[in-house]
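# Fold and contact review
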Amino acid sequence: MILDRHARPLGTLRLSVTDRCNLRCRYCMPEDEYVWLPSESILSQGELVRLARIFVGLGAREVRVTGGEPLLRADLEAIVLGIAGVEGLADLALTTNGVLLADRAEALARAGLHRVTISLDTLRPERARALSRTTRLEDVLRGLRATQKAGLSGTKINAVVMRGVNEDEIGDLLELGRGHGAEVRFIEYMDVGGATRWSLADVVSREEILSAIANRFGTPARVDPHGSLAPAERFRLPDGTVFGVVASTTAPFCGSCDRSRVTADGVWLTCLYAEQGQSLRAPLREGASDETLAELIRLRWTARADRGAEERLRLPAREALVPISRLRADPHREMHTRGG
Ligand code: SF4
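These notes cover the structure that comes with them. The numbering scheme is per chain: residues are counted from 1 as the chain's sequence reads. Where totals are concerned, whole chains, interfaces and linings use all residues; where local detail is concerned, this predicted model gives features only for residues with pLDDT of at least 70, and gives and counts side-chain atom pairs only at 80 or more. Side-chain measures here rest on the full set of heavy atoms in the structure, leaving out hydrogens and waters.

### Describing helix α1 (residues 45-57)
Here a strand is any run of E in DSSP of at least two residues, a helix any run of H or I of at least four, and the numbering for each starts at the N terminus. An expected span of 1.5 Å times one less than the residue number is assigned to each helix. Its 13 residues give α1 an end-to-end C-alpha distance of 18 Å, which sits within 8% of 18 Å, the value for a rise of 1.5 Å per residue. Taken residue by residue, α1 has Glu47, Leu48, Val49, Leu51, Ala52, Ile54, Phe55 and Val56 as its buried positions. Looking one or two residues past α1, Gly59 carries a phi angle of roughly 120 degrees, positive in sign. Buried, partly exposed and exposed residues are distinguished by accessible area as a fraction of the type maximum, computed with a 1.4 Å probe on protein chains only: under 20%, between the cut-offs, and over 50%, respectively.

### Describing the packing of helix α6 (residues 170-179) against helix α7 (residues 206-217)
Here, axes are lines fitted to C-alpha atoms. For helices the fit covers the stretch in contact, and angles between N-to-C directions go from 0 to 180 degrees. Where α6 meets α7, the closest approach of the two axes is 9 Å, and the angle between their N-to-C directions is 70 degrees. Relative to α7, the element α6 is oriented roughly perpendicular. The two elements α6 and α7 meet at a crossing, and its hand is right-handed. Facing α6, whose interface residues are Ile170, Gly171, Asp172, Leu174, Glu175 and Arg178, α7 presents Ile209, Ala212, Ile213, Arg216 and Phe217. Angle categories are assigned with fixed cut-offs, so that under 35 degrees is roughly parallel, over 145 is roughly antiparallel, 65 to 115 is roughly perpendicular, and the rest are oblique. Definitions for this section: a left-handed crossing has its near helix turned counterclockwise from the far helix by less than a right angle. A right-handed crossing has that turn clockwise. Note on definitions: a residue-residue contact is assigned when non-hydrogen atoms from the two residues lie within 4.5 Å.

### Side note on the pairing of strand β10 (residues 259-262)
Every second residue of β10 is oriented toward a common face, with Arg259 and Arg261 on one face and Ser260 and Val262 on the other, all of them buried. Inspection of the sheet shows strand β1 (residues 12-16) paired to β10 by 4 bridges, in the parallel sense. From the neighbouring strand, Arg14 faces β10, where its bridge partner is Arg261. For two strands to be treated as a pair, DSSP must find at least two bridges joining them. In this sheet, strand β11 (residues 267-269) lies alongside β10 in antiparallel orientation, the contact comprising 2 bridges. From the neighbouring strand, Val262 faces β11, where its bridge partner is Trp268.

### Focus: the pattern of salt bridges
Throughout this description, the term salt bridge denotes a Lys or Arg side-chain nitrogen within 4 Å of a carboxyl oxygen of Asp or Glu. Evaluation of the coordinates by the stated rule reveals 35 salt bridges. Glu106 is the salt-bridge partner of Arg110, the closest N and O atoms lying 3.9 Å from each other. One end of the pair, Arg110, and the other, Glu106, are both in helix α3 (residues 105-111), 4 residues apart, so they sit about a helical turn from each other. A residue is classified by how much of its surface remains accessible, and Arg110, at 65% relative accessible area, is exposed. Here Arg178 and Glu175 are joined by a salt bridge, their closest N and O atoms 3.4 Å apart. With a gap of 3 residues between them, Arg178 and Glu175 both fall in helix α6, about one helical turn apart. Residue class for Glu175 comes out partly exposed when judged on its relative accessible area of 35%. Through salt bridges with shared partners, a single network forms among Asp172, Glu175, Arg178, Arg216 and Asp239.

### Notes on helix α4 (residues 125-132)
Each α-helix turn comprises 3.6 residues. Residues three or four places apart therefore point the same way. Taken residue by residue, α4 has Arg127, Ala128, Leu131 and Ser132 as its buried positions. Down the axis, α4 shows its buried residues gathered within 100 degrees of arc, on one side only. Packed against the buried residues of α4 are α5 (137-149). Here, the arc refers to the directions that run from the helix axis to the C-beta atoms.

### What to know about the site of the ligand
By convention in these notes, a residue is near a molecule or strand provided one of its non-hydrogen atoms lies within 4 Å of it. What surrounds the ligand is a group of 13 residues, the closest being Cys254, Cys257, Cys271, Leu272 and Ala309. Classification convention: Asp, Glu, Lys, Arg as charged; Ala, Val, Leu, Ile, Met, Phe, Trp, Tyr, Cys, Pro as nonpolar; all other residues, Gly among them, as polar. Its residues assigned to classes, the shell around the ligand shows 7 nonpolar, 1 polar and 5 charged.

### With respect to empty space enclosed by the protein
Sizing a probe to match a water molecule and rolling it over the atoms shows the empty space that remains. Two kinds of site are reported from a 1 Å grid over the protein atoms alone, namely cavities, where a 1.4 Å probe fits but cannot get out, and pockets, open sets with protein on both sides within 12 Å along at least five of seven lines, and residues are called lining when an atom falls within 4 Å of a point. Grid points are joined across faces, edges and corners, and a volume is the space filled by probe spheres set on the points. Taken as a whole, this structure holds 3 cavities of 30 Å³ or more when the rule is applied. The computed volume of the largest cavity comes to approximately 120 Å³. Broken down by secondary-structure element, the contributors of at least two residues to the lining of the largest cavity are α4 and α5. Examining the composition of the lining of the largest cavity, we find that 3 residues originate from one element, α4, more than from any other.

Worth remembering: the numbers are spatial, not functional.
Structure representation (structure tokens):
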């Protein structure tokens, strides 16, 4: 196991397989046009699996395949199959908006995927149109049902809660999860790159989320009071339903953050808020050995001191992280490139 300067292990790898997305969620991709990563820079299936193997060899136990929208990759099943075969990997999950999931859940389960996290912020078609510019809400729900049919357990639903947008659906989303064996996680709206319209006034805090839930279902009790490395604080309702709250904006969890991200073009970022990353694609394509790549990662992780969200919390005034001009100049600052 390798530790960073705050004794945090290299534990979870978020591996982005594409920067493209078929939705345009207001909290992530609110603009009309984007600068995309050049297609020749996107890592191949073999390159992605090789990187996953090197990270697991260094102690990472969990890989989250992410995007953009990972189901836009036609070879996703092959990528999953390759990563699932990596020795020492304990958990392999896919983060998706679910639109294209229904027809592929079974093949992904067969390829060795352990579980799926579906992003779903509203159950109302007109809101889905306004919030994510999609008319395919029903397909997302089909995708959710398909995970059950494919025998995938541990499904999660991630819902970003925004004031004046969907905070009145917290209870309905919780009930949807309960009815489908999925744990719902409510996520505070974050001021990350890409969230160019972010404002503190639009953040529905952990306390507000918990109080909305308590009002409808009774007071939830904390699960795992001593916490794990998972970003979500978990709670149990009186009827046994478990849900999570990810308070990234008002109560960040940098102190236990074991995750890093590789973009679809092979840039490794040790924090969601990092200004710059380390290109792994260059050495990968220049013929570096596994040992050389592993040493590069080890050196950078042991020097890691990132606590991006905590630093944001200390700012006297807070606004969107990166102006649109800088996002256009460097799409690596975009959350949809960094894998959320
Ligand atoms: S802000 Fe950075 S260090 Fe803090 S939890 Fe997020 S990724 Fe980890």
